[in-house]
Amino acid sequence: MIPMAFDEAGIPVFARPSLCIRLFGGLDVEVQGRQRTALARQPRTGALLAFLALHPLRAFSRMALAEILWPDLDPVSGMGALRAALYRLRRGFRGLRFPLRVDRARLAFAPSTPWWTDVQAFMLLLERARKAPPLQARAILEAAVALYTGDLLPEWEAPWVVGWRERLRGRFLEALHRLWRLAEEMGDLREAERWAERLFDEEPTCGEAARFLIRRAEGRRDLEAARRYAARYRQACRAAGVAPDPGVTPEAWRGIRASTPLGRLLQALGELSREVSAFLVEDLRQTLLKGAVQAAEAALVRGAYPEAAPWAMAALQLLTPQTPIEWAWRARCAADAVADFEADWDRQAANLRAMLRLARRMGDPARRAEVVARLAWLELQRGRPAAAERLLAAAEVVLPVDPLHRALLRRLRGLTALRRGWFPAARDHLQVALALLPEDAPVVHRAAILNGLAVALRHLGDYHAALRTLEQAWDLLPQEERCGLLGALIEGNRTLFRGWAEGPSAAWMEEIEALVQEAERRQDLEAALWIAAGVVRIYLRAGDGAASARWAARLEALWPLAGHGFEGPRAALALALWAWARGDRRQALRWGRRAQRSAQRWGREDLRLLAMALRQRWTRAARQEARKLIGRVGEAAWRTFWAETPFLRPPAFDETESAG
């Protein structure tokens, strides 16, 4: 018996195998250079040959084969189908060596002449690539990908085919992903983009590939291509019923411009360390690392994030256990800044966990507190407020930090409670943070805490206290900070809350328009969504149907661009209320379901509760869930919502029930 064998390119070592079986893209059998189309055309004969070829040199009992290949037939009919398929298969190989070993009880694919199948070649190449160095792995993976000419037996839907098909497709996508990453690490960004494009074509719900392609398109200033990638990704996620990554959005200008020579230098350094053990590679590696860190830090100081990205990436690749801990910390800090700028959350989370281990080794509780705060903020961005709360609560217990860091950790706990919609808890956390904050702390910290406290007070129905708190925060801000992100947030809250407290007016409307235009200029579509949703509800409470319809149309136009982000549940709820107010109950319930699903994805319990309130019929389980949510969101916030939507009738909860 002669088994198969392949060279590094996936080609059989024999000049011409006697038997070649191709299963990718459809069954194709070639015997001694001649196509045997009759074997592939007969479904039962082809199924028998294909299944055994997928399990070479493995014996199966006749009964087991009949059950696997034809599960819809009874045992007697299945055994008859197997005998008929085996007979036709023998006739197809008449005059040739039969590739199956057959006895009275078992069958096996075990040719006595050289043979080859594309599936076995594909799997063997992937295994070789896993153990090969990067440069050789790229060539092997390219050969493996070339063998995958389509899904396994795409016209067959038998259970055993579907299982194999999904498994092999997963391996194929992993190979594309590794080819892309290998090319990126070696600085060959043109080739990396080609493989990322191939991966995105095969799996359009891959957010990681979509982010990379968007960055590359923006690096070429091809904003139209960046928008197409983002739109195609969102459409694919909607079709597949999966939540899209909010980080996959085109920005005005960003992207990595990695240096190809730098990638080649890192590759050469790795090969040198493997081949010339006597050479002092470690000293050269540490010198290069320090230079890369300094270059990244210099670019970050100038705000040139695309310029800093390749240096930060190179610094991470140069880290070793022998790297001085302070330089390792600086390299990780630069990589964190770049990953945050690119919204690459997976890479940022892995980097922050490594920074947390470094801070423990350094024995610096202040640095540990900073990393925990960064990790908690990242969890909030990813829609995981419960994970952020666990991190922060544990850090407050175990970290012996100074009052400033304790205040900042408590402020983040307040922000986490706000994100979840737990307004009484948020108010309490933020008041404690104000009490803990030292008098000499930067005023920006105090202003940020006051801004969060104002949001909690507004949702609890105390509009005037919220406005006074925002005025205090605004007065604390230095002039240069008022034009920054915190200043824009305080100004937006102050304008919107004034609409809730005093009602809409012409002057107020001018300020709102200016805020929305500024958010769109900054391409902060979530801020525009948040403002538009608030304006719709304010006009609904005032009974101005024309103005609410106009702003609802703007909100619907923004929804495809930013509706899957953090402010999506609020926008969907506002559109549901608008549809309810104009009597379109079906549309209201549709938007309400969207709001509820999106709120659950982001952990926003207040908006999930309010979306539930649009139901006309309440089951017992829904009532119990609503009571639990009211207990966390706050009875005052629950009453405030009904006061702000006078056209809705509250559900029949008595005071005892709603207090939970």
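Just so it is clear, the model here is predicted, and its values are computed rather than measured.

> Which residues make up the overall build of the chain, and what values go with them?
Counting its regular elements, the chain contains 31 helices and seven strands. Principal-axis analysis of the C-alpha atoms gives the chain an extent of 95 × 70 × 45 Å. Here the chain holds 660 residues, and the buried ones make up 52% of them. Sequence-distant contacts in the chain: of pairs separated by 6 or more residues, those separated by 24 or more amount to 63%. Surface accessibility of the chain: about 30500 Å² in total, with carbon and sulfur atoms responsible for 52%. Taken together, the 99 basic and 78 acidic charged side chains of the chain have centroids lying 7 Å from each other.

> I'd like to hear about the packing of aromatic side chains, residue by residue, with values.
The tally for this structure, following the rule as stated, stands at 16 aromatic pairs. For the pair phenylalanine 200 and tyrosine 229, a centre-to-centre distance of 5.9 Å together with 75° between the ring planes defines the contact as edge-to-face. Of this pair, phenylalanine 200 sits in helix 8 (residues 189–202) while tyrosine 229 is found in helix 10 (residues 223–240), placing the two residues 29 residues apart along the sequence. On the numbers, 5.9 Å between centres and 90° between planes, the contact of phenylalanine 566 with tryptophan 602 is edge-to-face.

> Explain the sheet that holds strand 3 (residues 34–35) residue by residue, including any values.
Strand order across the open sheet formed by four strands is 3-2-1-7, with mixed pairing between neighbours. Each edge of the sheet is formed by a strand with only one pairing partner; in this case those strands are strand 3 and strand 7 (115–117). Across three bridges, the pairing between strand 1 (residues 19–22) and strand 7 is parallel. The residue of strand 7 that forms the bridge with cysteine 20 is tryptophan 116. Those strands touched by helix 5 (residues 118–131) are strand 1 and strand 7, and its axis lies near 75° from that of strand 7.

> Before we move on, could you go through unusual backbone geometry and cite the residues and values that matter?
Even without glycine at this site, leucine 57 takes up a positive phi of about 65°. Secondary-structure assignment places leucine 57 in the loop between helix 2 (43–54) and strand 4 (60–61). The phi dihedral of leucine 153 is positive, around 40°, even though this residue is not glycine. Summarising the element assignment, leucine 153 is placed in the loop between helix 6 (134–147) and helix 7 (159–185). Taking the relative accessible area as the measure of exposure, leucine 153 reaches 1% and is therefore buried.

> So what about the side chain of arginine 165? Which residues, and what values?
Looking at the secondary structure, you find arginine 165 in helix 7. With residues near it in sequence (within four places) discarded, arginine 165 still touches Asp151, Leu152, Leu153, Pro154, Trp156 and Glu157.

> Please provide a residue-by-residue account of the sheet that holds strand 5 (residues 100–102), values included.
Pairing in this open sheet of three strands is antiparallel, and the strands run 4-6-5 from one edge to the other. The sheet is open, and its two borders are formed by strand 4 and strand 5, each paired with just one other strand. Looking at chain direction, strand 5 and strand 6 (residues 106–109) are connected through three bridges and run antiparallel. Bridging from a neighbouring strand, arginine 101 pairs with alanine 108 of strand 6. Sheet strands in contact with helix 2 are strand 4, strand 5 and strand 6, and its direction is about 70° off that of strand 6.

> Please set out the packing of helix 5 against helix 6 residue by residue, giving values where relevant.
In contact at an axis separation of 9 Å, helix 5 and helix 6 are set at 160° when each is read in the N-to-C sense. The angle between helix 5 and helix 6 places the two elements in the roughly antiparallel class. For the pair helix 5 and helix 6, the crossing hand works out as left-handed. Residues Asp118, Ala121, Phe122, Leu125, Leu126, Arg128 and Ala129 of helix 5 form the contact with helix 6, whose own contacting residues are Ala137, Ile140, Leu141, Ala143, Ala144 and Leu147.

> Tell me what's going on with the packing of helix 16 (residues 365–381) against helix 18 (residues 403–420), and back it up with residues and numbers.
At a closest axis distance of 10 Å, the pairing of helix 16 and helix 18 adopts a crossing angle of 10°. What the angle tells us is that helix 16 and helix 18 run roughly parallel. Every residue of helix 18 that contacts helix 16 at Ala366, Ala369, Glu370, Ala373, Trp377 and Leu380 is listed here: His405, Leu409, Leu412, Leu415, Thr416 and Arg419. Of the residues assigned to the contact of helix 16 with helix 18, the class counts are eight nonpolar, two polar and two charged.

> Let's hear about the environment of arginine 586: which residues, and what values?
Among the structural elements, arginine 586 can be located in helix 27 (residues 585–602). You can call arginine 586 exposed: its relative accessible area is 73%. For the pair arginine 586 and glycine 484, spaced 102 residues apart in sequence, the C-alpha separation works out to 42 Å.

> Now, about the nonpolar core: what can you tell me, with residues and values included?
Counting residues in each nonpolar core, the largest one holds 89 residues, and the members touching the most others are Ile512, Trp551 and Leu555. Element by element, the count of residues in this core is highest for helix 24 (residues 525–542), at 12 residues. What leucine 555 contacts, discounting residues up to four positions off in sequence, is Leu529, Ala532, Ala533, Val536, Ala571, Ala574 and Leu575. In terms of nonpolar packing, the next biggest core, distinct from the first, is built from 82 residues, Val29, Leu65, Phe98 and Trp180 among them.

> Before we move on, can you summarise the confidence of the model for the chain with the specific residues and values?
Of all residues in the chain, 90% have pLDDT values of 70 or greater, and the mean over the chain is 85. For the chain, helix 31 (residues 655–659) is the element with the lowest average pLDDT, namely 39, and helix 19 (residues 423–436) is the one with the highest, namely 94. Across residues 1–15, confidence stays below pLDDT 50; counting only partners more than four residues off in sequence or on other chains, it has 44 contacts. Segment residues 251–258 is flagged for pLDDT under 50; beyond a separation of four residues in sequence, or across chains, it makes 33 contacts in the model.

What counts and how
- Residues numbered from 1 in each chain as written.
- Predicted model: local features only at pLDDT ≥ 70, side-chain atom pairs only at ≥ 80, totals over all residues.
- Heavy atoms only, no water.
- Helix = DSSP H or I, 4+ residues; strand = E, 2+ residues; numbered from the N terminus.
- Buried < 20%, exposed > 50% of the residue type's maximum accessible area, 1.4 Å probe, protein only.
- Contact = heavy atoms within 4.5 Å.
- Areas by Shrake-Rupley, 256 points an atom, 1.4 Å probe, with all protein chains shown as cover.
- Lys, Arg positive; Asp, Glu negative; His and termini not counted.
- Charge placed at Lys NZ, Arg CZ, Asp CG, Glu CD.
- Phe/Tyr/Trp six-rings, centres within 6.5 Å; stacked < 30°, edge-to-face > 60°.
- Pairing = 2+ DSSP bridges.
- Axes fitted to C-alpha atoms, helices over the stretch in contact; angles between N-to-C directions.
- Parallel < 35°, antiparallel > 145°, perpendicular 65-115°, else oblique.
- Left-handed = near helix turned anticlockwise from the far one by under 90°.
- Nonpolar A, V, L, I, M, F, W, Y, C, P; charged D, E, K, R; others polar.
- Core = buried A, V, L, I, M, F, W, Y, C linked by side-chain atoms within 4.5 Å.
- pLDDT = per-residue confidence, 0-100.

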